[in-house]
Each structure stands twice: as C-alpha cells, then as structure tokens.
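Fold and contact review
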Amino acid sequence: MESNTCFWHARYQQQAKWTIATRRYLFEKIGIHPHERILEVGCGSGAVLETLAGDGFRHLSGVDKDLTPLIAAQTSFMP
C-alpha cells in the first residue's frame, strides 16, 4: 500500500470508530444481525467493514469506483 493510501486508510479507520455507536443503534432498530449479508457501496479501503467484522459480521462485501483503496482493502483486510 502506498503511503498516501495508508494515511487515508488510518483516517477512515478513525472516522469509522466515531460512528460505531450510531451504526449499532441503526442496525438494531432496523433488525440487521451479524448472520446477514452486508454490501457497503463506496467502501474505500474497508474501514467500516473492519468495524463490522469486529462486531461479528462475517458475510461482508464492498465495492468502490476507485481501484487504489479497493486493492488496499483487499490485501489488508480479510473478514
């Protein structure tokens, strides 16, 4: 991963942590559970998918139009 991609991934990880409580609340309210499949559109480097994996989600997929962070996500994150 090039250094600029590493910088942004770290930044996205930080932002993903800020929204964990909100995401958990919304998932509970709409009934999304860890056994369900999740598709994140615009996943970037996969920072939100990492937090979901930490919450026990295992059926995770992500798509993004920008190939560079997507390659970084594929090589650095295995749910």
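Residues numbered from 1 in each chain as written. Predicted model: local features only at pLDDT ≥ 70, side-chain atom pairs only at ≥ 80, totals over all residues. Heavy atoms only, no water.

**Points about the overall build of the protein**
On a plain count of helices and strands, the protein comes out with four helices and two strands. Starting at the N terminus and ending at the C terminus, the protein contains elements arranged as α-α-β-α-β-α. Looking at the 79 residues of the protein, the share that counts as buried comes to 29%. A total accessible area of about 5500 Å² is found for the protein, and carbon and sulfur atoms account for 57% of it. (Helix = DSSP H or I, 4+ residues; strand = E, 2+ residues; numbered from the N terminus. Buried < 20%, exposed > 50% of the residue type's maximum accessible area, 1.4 Å probe, protein only. Areas by Shrake-Rupley, 256 points an atom, 1.4 Å probe, with all protein chains shown as cover.)

**Quick word on the confidence of the model for the protein**
Here the protein shows a mean pLDDT of 87. Residues at 70 or above account for 87%. When the elements of the protein are averaged for pLDDT, helix α4 (residues 67–76) gives the smallest value, 71, and helix α2 (residues 20–30) the largest, 97. (pLDDT = per-residue confidence, 0-100.)

**Some thoughts on the environment of Ile20**
Counting through the fold element by element, Ile20 comes out in helix α2. You can call Ile20 buried: its relative accessible area is 19%. The spatial distance from the C-alpha of Ile20 to the C-alpha of Leu52 is 8.7 Å, given a sequence separation of 32 residues.

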